[in-house]
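Results of the structural survey
Each chain, letter by letter, is given below.
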Amino acid sequence: MKNSNLVPKIFILLFLSLIINSCKDLDDTITYPNAEDLIQKDSELFDLLNRVTTEDDDPMTDIVCIDFIYPIHLLIYNSSLEQIGTVSIVGDDNFSAFLSILPADQSISISYPISTTLADGTEFIVNNNSELKLAIDSCSREDIITYCGTLFGGSTTIITPCVWKVQYDATGDNKYLGGYFDANPDGTIKLYYNDQIYNGSWTFLFVNDEFHMNINLEGTSEVALDWNFDRKVEMNGDEIIIQNLPKNVHLKKACQDITPFAIGDAGPAGGIIFYDKGSYTEGWRYAEAAPADLAYFEWGCATSSIANSQSSLIGKGLFNTGAILNFHDILTNYYTNPIVCSNLNNGTVAAKESLGYQLNGRKDWFLPSEDELALLYTNLHLESLGNFSNTIYWSSTENDATTVKTIDFTTGESVISLKVPALNTVKVRCIRYF
């Protein structure tokens, strides 16, 4: 006699078996990774992988000193960390394309170990995300140091001479305005400032994940000690910001312009060429004048002598201008409270306004020295070029505590003018070297 309870029991056993096997199959298709194995799309490692597999001709973002040995197998996860697929990557282009289309709510993990090759041909094995990030970080830093080193110091194959000038920065440290660096590929460097040469060395390095520049000048002079440092820097092509809060130092690369110019030609910044010294030295060969006057400004503090602002020579306008700027910057709130100098002053400074002048993206204008101003009169004004007025123009050459050397463009004669003359009687025309 058959047991009537047997069928229900068999049915229950079959049902439980289906559930167990179904759960087992489900577990086989859903993988929950460890957090350290996962590469989220907004993670630093994901960005590094993108940079390794993408070439954009910018060594600051493009990592070229490491390469993967393919194929590489990836696991794909959804936002619930469930494995939803796999993909086999067969090359950089394939890897880059895959990373670019991966949805923001998905992530990946790599099936380790994988093999990589350095630029020198060395092959090594990477076993996890930490090792991969360490390898790419190290490689990226090597790329950046090499790239920035070539930009700063040049290379043995570059024949166009370049220097790095201390650039005016309205919120920066302008103490060494008028100075410039001549850096060499072998790590040596020279600072030219106030007719002196300071020898030293330079290098780039990473310190605590920050990109640094190290400069070491010989000697114990104030200049040498000011430039002996290891500081964080930002480098963007032909500009370097050396961080030294509260005021950073701004360097700007200037290279020889091989285009020939003649007196009266339009200059590269939109001015008018007024001087050619015949060869490229000290970071420049030509000088151009701005095409128009600035507004009326006083020369500066009415009763104080300013050190290093007395040179009349060609090539000294920028140095004089820097000295004038730094003197007034040190005075407490001079620009808003000029009475700290004299009740005759209104707080304007022709040198500062010249440095702040910009034309066609060029920011390296300044107030000419007396001899440079004389060239503006002779080479431009007498030739009816430059739209000058028959009036007096400021130079950056101080005469004494209360007066300045100026030139009357009516006659071309040198005139001694008060630093605070009658209103609208002395004009400003700025120049630049290149």
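Residues numbered from 1 in each chain as written. Predicted model: local features only at pLDDT ≥ 70, side-chain atom pairs only at ≥ 80, totals over all residues. Heavy atoms only, no water.

Describing the pattern of salt bridges
Inspection of every chain in the model, using the stated rule, returns 17 salt bridges. Note that Asp293 and Arg429 form a salt bridge whose closest N and O atoms lie 2.8 Å from each other. One end of the pair, Asp293, is in the loop between β17 (284–289) and α6 (317–330); the other, Arg429, is in the loop between β21 (426–427) and β22 (431–433), and 136 residues separate them in sequence. Classification of Asp293 by relative accessible area gives partly exposed; the value is 21%. Under the relative-accessibility criterion, Arg429 is labelled buried at 1%. Because the salt bridges share partners, they merge into one network encompassing Glu44, Lys133 and Asp137. (Salt bridge = Lys/Arg side-chain N within 4 Å of Asp/Glu carboxyl O. Helix = DSSP H or I, 4+ residues; strand = E, 2+ residues; numbered from the N terminus. Buried < 20%, exposed > 50% of the residue type's maximum accessible area, 1.4 Å probe, protein only.)

Re the state of the cysteines
Tallied over the full model, the rule gives 2 disulfides. Each sulfur of the disulfide joining Cys162 and Cys255 lies 1.9 Å from the other. Between Cys162 and Cys255, the S-S dihedral sits near 105°, and the bridge is therefore right-handed. Of this pair, Cys162 sits in strand β8 (residues 162–166) while Cys255 sits in strand β15 (residues 249–255); the two residues are 93 residues apart in sequence, bridging distant segments of the chain. Take Cys162: its relative accessible area is 23%, and that puts it in the partly exposed class. Here Cys255 falls in the partly exposed class, since its relative accessible area comes to 37%. Here Cys301 is linked by a disulfide to Cys341, with a sulfur-sulfur distance of 1.5 Å. One disulfide, between Cys301 and Cys341, carries an S-S torsion of 85° and so falls in the right-handed class. Taken together, the positions of Cys301 in the loop between β17 and α6 and Cys341 in the loop between α6 and α7 (350–355) put the pair 40 residues apart, joining distant regions of the chain. Neither residue differs from the other here; Cys301 and Cys341 are each classed as buried. (Disulfide = S-S within 2.5 Å.)

Brief notes about the pairing of strand β7 (residues 123–126)
Pairing between strand β6 (residues 114–118) and β7: 4 bridges, direction antiparallel. Residue Thr116 lies in a different strand from β7, and its bridge partner there is Phe124. Between β6 and β7, which pair antiparallel one after the other, the connecting turn spans 4 residues, and Gly121 there sits at a positive phi close to 95°. (Pairing = 2+ DSSP bridges.)

Concerning unusual backbone geometry
The residue after Tyr112, namely Pro113, is reached through a cis peptide bond having omega 0°. Mapped onto the fold, Pro113 is located in the loop between β5 (107–110) and β6. Looking along the chain, the bond that leaves Leu245 and enters Pro246 is cis, with omega of 10°. Assignment of secondary structure puts Pro246 in the loop between β14 (239–242) and β15. Unlike most non-glycine residues, Asn208 shows phi in positive territory, near 50°. Here Asn208 shows up in the loop between β11 (196–207) and β12 (210–217). Not every positive phi belongs to a glycine, and Glu282 is a case in point at roughly 55°. Position of Glu282 among the secondary structure elements: in the loop between β16 (272–281) and β17.

Here's the deal with the side chain of His212
Secondary-structure assignment places His212 in strand β12. Among the polar contacts made by the side chain of His212, one reaches the side chain of Asp230 at a distance of 2.7 Å. (Polar contact = N/O pair within 3.5 Å; in protein donor to acceptor, adjacent residues only side chain to side chain.)

So, α6
Counted at 1.5 Å a residue, the expected span for α6 with its 14 residues is 20 Å, and the 20 Å between its end C-alpha atoms agrees. Across the 14 residues that make up α6, a large majority, 11, are buried. Every buried residue of α6 is listed here: Gly317, Leu318, Phe319, Asn320, Thr321, Gly322, Ala323, Ile324, Leu325, Asn326 and His328. (Expected span 1.5 Å × (residues − 1).)

Observations regarding the sheet that holds β6
Spatially, β2-β6-β7 is the arrangement adopted by the 3 strands of the open sheet, whose pairing is antiparallel. With one partner strand each, in any of the chains shown, β2 (66–69) and β7 form the two edges of the open sheet. Here the strands of the sheet are splayed against their neighbours by 35° on average, with no regard to which way each runs. (Axes fitted to C-alpha atoms, helices over the stretch in contact; angles between N-to-C directions.)

So, the sheet that holds strand β4 (residues 83–89)
Ordered by their spatial adjacency, 4 strands build an open sheet running β1-β5-β3-β4, and the pairing between neighbours is antiparallel. Looking at the sheet topology across the chains shown, the edges are occupied by β1 (39–40) and β4. When strand β3 (residues 72–77) meets β5, the two strands line up antiparallel, connected through 4 bridges. Looking across to β5, one finds that Leu75 is bridged to Ser109.

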